[in-house]
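Overview (structure and organization)
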Amino acid sequence: MTSVVYPGSFNPITYGHQDIVERALGLFDKVIVAVGTSSDKDPSTYLADRIQLCRAALAEFGDRVEVDGFNVLLVDYVRSKDTRFIVRGLRTISDFDYEYQMITMNREMDPDLEYVLLPTSRQWSFLSSSRVREIAGLGGNIDEFVHPAVAEYYRDGGV
Ligand code: ADP
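The rules behind these values
Counting starts from 1 at the beginning of each chain's written sequence and moves along it residue by residue. Side-chain atom pairs in this predicted model are given and counted only at pLDDT of 80 or more, local residue features only at pLDDT of at least 70, and totals for whole chains, interfaces and linings cover all residues. Heavy atoms from the whole structure form the basis of all side-chain values; hydrogens and water molecules are not counted. Burial classification: accessible surface area is computed with a 1.4 Å probe over protein chains only, and a residue below 20% of its type maximum counts as buried, one above 50% as exposed, and the rest as partly exposed. Where helices and strands are cited, they refer to DSSP runs of H or I of at least four residues and of E of at least two residues respectively, numbered from the N terminus. The definition of a polar contact used here is a pair of N or O atoms within 3.5 Å, where within protein one atom must be able to donate a hydrogen and the other to accept one, and adjacent residues in sequence count solely through side-chain atom pairs.

**Quick notes on helix α1 (residues 15-24)**
The buried fraction of α1 is high, at 7 of 10 residues. Listed in full, the buried residues belonging to α1 are Gly16, His17, Gln18, Asp19, Ile20, Val21 and Ala24. The N-cap of α1, judged by a side-chain oxygen 3.1 Å from the amide nitrogen of Gly16 a few residues on, is Thr14.

Given below as structure tokens:
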């Protein structure tokens, strides 16, 4: 069985992330969604909440998707999951710049790592977690961007 790790902040998980998970399941037997906090991204939503929202949003995939929190080096985490594959989504050229830097650094630490970069479906190419937080924070409707469990979380006053 071949697994792939999909790391990110998922702050919160959006339909863009879900699309990447679904497409990665077409390539791998199992997707491990690894929820972490990158220092240059807003970590405002509690890790436990972000994990729980990922679980709710991805429940339809059953045990082919595992959701986990992580706070160690990504290269070490991936090895601890008995795989060497990482998947990330790509929206724009600026995503590519960022990803390429991460890939190069991580492969410096572990040359056997293999990255799979999936271009986003056009429908979600404009969508980002930070925009969703911004809209939700101003009381806007985020139903078309996120799973109902995520929308409900923000309606109930999630940060
Ligand atoms: P990070 O803080 O690690 O960038 P994110 O949760 O913002 O974490 O993103 C995780 C991954 O999901 C990244 O590879 C990112 O490019 C991808 N991603 C984010 N939004 C979308 C989207 N709308 N469509 C496809 N991929 C996306």
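**Things to note about unusual backbone geometry**
In this chain, Asn11 is followed by Pro12 through a cis amide linkage whose omega measures 5 degrees. The topology assignment puts Pro12 in the loop between β1 (3-8) and α1. Despite not being glycine, Phe10 shows a phi value in the positive range, around 45 degrees. Take Phe10: it is sitting in the loop between β1 and α1. Backbone geometry at Asp82 places phi at a positive 60 degrees, although glycine is not the residue there. Its place among the elements puts Asp82 in the loop between α3 (74-80) and β4 (85-90). Judged by its relative accessible area of 75%, Asp82 is exposed.

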